[in-house]
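Here is what each chain is made of, one letter per residue.
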Amino acid sequence: LDPSVGWRAKVDVPSWVAWAMTNEIVANNDAVFFSSVKMTKTPDSASGLGRLHLGPPWDFDLSLGNASAPHDPDELWVFADHSPDPSAVWLTRAMEDPVFASAVSDAWASLMASTDGGQSLLAEVESFAGRFAGVIRQDRDRWGYSASDASAMVAWLSTRIGWLSAQCL
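How each quantity is defined
- Residues numbered from 1 in each chain as written.
- Predicted model: local features only at pLDDT ≥ 70, side-chain atom pairs only at ≥ 80, totals over all residues.
- Heavy atoms only, no water.
- Core = buried A, V, L, I, M, F, W, Y, C linked by side-chain atoms within 4.5 Å.
- Buried < 20%, exposed > 50% of the residue type's maximum accessible area, 1.4 Å probe, protein only.
- Helix = DSSP H or I, 4+ residues; strand = E, 2+ residues; numbered from the N terminus.
- Expected span 1.5 Å × (residues − 1).
- Arc of directions from axis to C-beta.
- Contact = heavy atoms within 4.5 Å.
- Axes fitted to C-alpha atoms, helices over the stretch in contact; angles between N-to-C directions.
- Parallel < 35°, antiparallel > 145°, perpendicular 65-115°, else oblique.
- Left-handed = near helix turned anticlockwise from the far one by under 90°.
- Nonpolar A, V, L, I, M, F, W, Y, C, P; charged D, E, K, R; others polar.
- Phe/Tyr/Trp six-rings, centres within 6.5 Å; stacked < 30°, edge-to-face > 60°.

Chemist: How do you make sense of the nonpolar core when you look at a structure like this?
Modeler: The tendency in soluble globular proteins is for nonpolar side chains to be buried side by side. Ranked by size, the top nonpolar core spans 34 residues in total, and within it Trp19, Leu91 and Phe100 carry the most contacts. Taken together, the elements giving at least two residues each to this core come down to helix H1 (13-25), helix H2 (90-94), helix H3 (98-114), helix H4 (119-131) and helix H6 (150-166).

Structure below.
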């Protein structure tokens, strides 16, 4: 937890918070450190080591309740240890750091304040889903596990946002 030699001295905390929040909100099955997790590192310099950035987030086909074995919207996913790799507990451990946990909580509060408690976010998702109805159908036909329509994803996300808010994330 030491700010000069601990883990926060080696990572870009804002990128970790943003990546984790993005993937936790949609409960991205691929974001539990066994696939589809990308990281970058800034170059080392004369003044010190570069920092490890988490992201960009990507690969959301197994999110928003869309998976062959979807999980309920009322459980932590990225911040809980759902990885099949026992060494992949990075975010679980990061949440034990009060500074990081506070940054996550602040990011959630900011997101909820800027989206009218998630309502404008839900409206935007519904708008996007309506525009991509044909692609959603093609995805379902190809892979067999996409939501049948936009309303299923929006309903899942609405439940998810309410549950995460109740957890004081």
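Chemist: I tried to follow H6 on my own but got confused; where do I start?
Modeler: One turn of the α-helix equals 3.6 residues, which is why residues spaced by three or four share an orientation. Compared with an ideal rise of 1.5 Å per residue, which puts 17 residues at 24 Å, H6 spans 24 Å between its outermost C-alpha atoms and is within 8% of the ideal. Every buried residue of H6 is accounted for by Ala150, Met153, Val154, Trp156, Leu157, Arg160, Ile161 and Leu164. For H6, the angular spread of the buried residues around the axis is 160 degrees, confining them to a single face. Elements in contact with the buried residues of H6: H1, H3, H4 and helix H5 (133-143). With its phi angle positive at about 55 degrees, cysteine 168 sits one or two positions after the end of H6.

Chemist: Help me understand the packing of H4 against H6 in this model?
Modeler: Between two packed helices, both the angle of their axes relative to each other and the distance between the axes serve to describe the pair. For the pair H4 and H6, interaxial distance at closest approach is 9 Å and the crossing angle is 160 degrees. Between H4 and H6, the crossing angle belongs to the class labelled roughly antiparallel. Of the two possible hands of crossing, H4 and H6 adopt the one that is right-handed. In this structure, H4 contributes Leu121, Leu122, Val125, Glu126, Ala129 and Gly130 to the contact, and H6 contributes Ala150, Met153, Val154, Leu157, Ser158 and Ile161. Of the residues assigned to the contact of H4 with H6, the class counts are nine nonpolar, two polar and one charged.

Chemist: Hey, could you run me through the packing of aromatic side chains in this one?
Modeler: We describe a pair of aromatic rings using the distance from one ring centre to the other and the angle between the two ring planes. Evaluation of the coordinates by the stated rule reveals three aromatic pairs. Here tryptophan 7 and phenylalanine 100 contribute two aromatic rings whose centre-to-centre distance is 5.5 Å and whose plane-to-plane angle is 65 degrees, an arrangement assigned as edge-to-face. Of this pair, tryptophan 7 sits in the segment before H1 while phenylalanine 100 sits in helix H3, placing them 93 residues apart in sequence. The class for tryptophan 7 is partly exposed, based on a relative accessible area of 23%.

Shape is all these values report; function is a separate question.
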